[in-house]
Amino acid sequence: MSMNDFAVLSTGRKMPLVGLGTWKSEPGQVKQAVIWALQSGYRHIDCAPIYGNEPEIGEAFQEMMGPEKGIRREDVFVTSKLWNTKHHPDDVEPCSPKNLSYIVVVLNLNEFNSAVECKQQRNSSVASIKPTVLQVESHPYLAQVELLAHCRDRSLVMTAYSPLGSPDRAWKHPEEPVLLEEPAIAALAKKYNKTPAQIIIRWQTQRGVVTIPKSITESRIKENIQVFDFTLEPEEMNQVTAVHRGWRYIVPTITVDGKSVPRDAAHPHYPFNDPY
Ligand code: NAP
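Going by what an unreviewed UniProt entry lists, the protein chain is known as Alcohol dehydrogenase [NADP(+)] B-like and is assigned to Sinocyclocheilus grahami. What UniProt states about the protein chain under its Sequence similarities (unreviewed entry) heading is, verbatim, "Belongs to the aldo/keto reductase family."

Right under this line is the structure:
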């Protein structure tokens with residue numbers, strides 16, 4: 001990968017623009033997925049204890065990294081995340097990537113803490129650690145243009161989760177728009193002889209947004225990082241941004257009176273009521 005394939009954090013650390021997502025990658029699948037990713041050039045893995053698969057990811061690291069194995073642990077950027085009930089300092093260490101059995105250097109725990117603090121900062125304007133990364137849902141149907149400008153103004157790097165529209169999420173509904181079938185993106189895919197997923201990932205990387213597409217399929221894992229050999233024209237970047245429709249795929253819901261409604265929507269700090 002070239003130098004352009006990194007976002008530089010305000011700490012000076014480089015964060016690869018394409019990482020492998022691991023939510024919903026089951027034990028029995030995720031180890032092989034991480035091995036394929038590392039073999040394909042990925043140096044950024046997005047994890048969380050809540051995904052229930054970190055021990056297997058640790059096994060993949062153990063197999064692939066080390067003095068005679070070609071990949072150094074310090075070259076791989078590992079993101080982990082604390083669940084909302086784990087904000088007390090005593091809860092941090094058990095949730096850190098040390099759960100990944102082989103992790104001896106926690107590279108980005110601070111970055112992650114910062115991301116958490118950043119969300120707090122949006123609500124309270126108070127943060128004791130300077131944030132460096134904000135991970136939010138983003139894809140062409142949720143372009144996050146204002147939030148990205150807000151992040152840039154504060155030297156924050158934005159990471160886009162569910163960049164392909166999370167087609168394997170459990171609560172998928174047949175009436176929801178299917179991002180990977182968006183005609184404007186299909187037209188660009190045809191022009192560049194790329195797939196819709198590659199156009200979407202390229203669009204994000206070209207605007208400096210880190211993306212973490214999840215896959216357990218070898219061909220897709222390879223495909224999703226093959227995005228640095230073409231460049232979208234400025235007008236084409238705008239065309240992708242223009243398909244925005246404020247659509248969020250990842251909204252926790254509960255059933256009330258037989259109807260599915262957003263969970264906690266009436267809470268004063270419910271984040272999705274904000275314009276961005
Ligand atoms: P996603 O990456 O948007 O989509 C994953 C789905 O797309 C899987 O079904 C995958 O299939 C399929 N896929 C992958 N590459 C493809 C390609 N080239 N062409 C067609 N289909 C392709 O969804 P996501 O898992 O929701 O989001 C990505 C990652 O973001 C997560 O895994 C997680 O690490 C992170 N995330 C973080 C948060 C948070 O709250 N911080 C929330 C959601 C997600 P196969 O696996 O079958 O190949």
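A.B. asks: What exactly am I supposed to notice about the sheet that holds strand S7 (residues 157-161) here?
C.D. replies: Paired through backbone hydrogen bonds, the strands of a sheet run either parallel or antiparallel to each other. Taken together, 3 strands build an open sheet; the order of strands is S6-S7-S8 and the sheet is parallel. Because the sheet does not close on itself, it has two edges, and the strands there are strand S6 (133-137) and strand S8 (210-211). Relative to S8, S7 is paired through 2 bridges, and the arrangement is parallel. Each residue of the ladder has a partner; that of Thr159, found in S8, is Val210.

A.B. asks: How should the nonpolar core be read in this particular structure?
C.D. replies: Nonpolar side chains in soluble globular proteins generally cluster together in the buried interior. Counting 42 residues, the largest nonpolar core has Leu20, Val34, Leu38, Ile45, Phe61 and Ile199 as the members making the most contacts within it. At the level of elements, helix H1 (30-39), helix H2 (54-64), helix H6 (183-192), helix H7 (196-206), helix H8 (218-225) and helix H9 (234-241) are the ones that each hand at least two residues to this core. Ranked by residue count, the leading element in this core is H1, at 6 residues. The contacts of Leu20, once residues within four sequence positions are left out, are Ala33, Val34, Ala37, Tyr42, His44, Ile45, Asp46, Ile212, Pro213, Ser215 and Ile221. Grouped together as the second largest cluster of nonpolar side chains are 9 residues, Leu147, Leu156, Met158 and Ala160 included.

A.B. asks: Looking at this model, I keep getting lost on H1. Mind explaining?
C.D. replies: Three or four residues apart is the spacing at which side chains of an α-helix point the same way, because the helix has 3.6 residues per turn. Every buried residue belonging to H1 is among Val30, Ala33, Val34, Ile35, Ala37 and Leu38, and all of these are buried. Those residues of H1 that are buried lie in contact with strand S3 (20-21), strand S4 (44-46), H2 and H8.

A.B. asks: What is the right way to read the UniProt feature "site: Lowers pKa of active site Tyr" (unreviewed entry) in the protein chain from this model?
C.D. replies: Per the UniProt record, "site: Lowers pKa of active site Tyr" (unreviewed entry) is annotated on Lys81. For Lys81, the position within the fold is in the loop between strand S5 (77-79) and helix H3 (89-95). Owing to a relative accessible area of 15%, Lys81 belongs among the buried residues under this scheme. Looking at Lys81, its side chain comes within polar contact range of the side chain of Asp46, at 2.6 Å.

A.B. asks: What should I look at first to understand the site of the ligand in this one?
C.D. replies: In the vicinity of the ligand lie 27 residues, with Lys24, Asp46, Ser166, Ser215 and Thr217 positioned nearest. Between the ligand and the protein, one listed contact pairs an oxygen atom with a backbone N or O atom of Trp23 at 2.9 Å. Here Lys214 contributes a side-chain N or O atom positioned 2.7 Å from an oxygen atom of the ligand. With 3 residues, H8 is the largest single contributor of residues to the shell around the ligand. Grouping the amino acids of the shell around the ligand by side-chain chemistry returns 11 nonpolar, 9 polar and 7 charged.

How each quantity is defined
Residues numbered from 1 in each chain as written. Predicted model: local features only at pLDDT ≥ 70, side-chain atom pairs only at ≥ 80, totals over all residues. Heavy atoms only, no water. UniProt positions renumbered as here; feature names shortened; annotations may be inferred. Pairing = 2+ DSSP bridges. Helix = DSSP H or I, 4+ residues; strand = E, 2+ residues; numbered from the N terminus. Core = buried A, V, L, I, M, F, W, Y, C linked by side-chain atoms within 4.5 Å. Buried < 20%, exposed > 50% of the residue type's maximum accessible area, 1.4 Å probe, protein only. Contact = heavy atoms within 4.5 Å. Polar contact = N/O pair within 3.5 Å; in protein donor to acceptor, adjacent residues only side chain to side chain. Near = heavy atom within 4 Å. Nonpolar A, V, L, I, M, F, W, Y, C, P; charged D, E, K, R; others polar.

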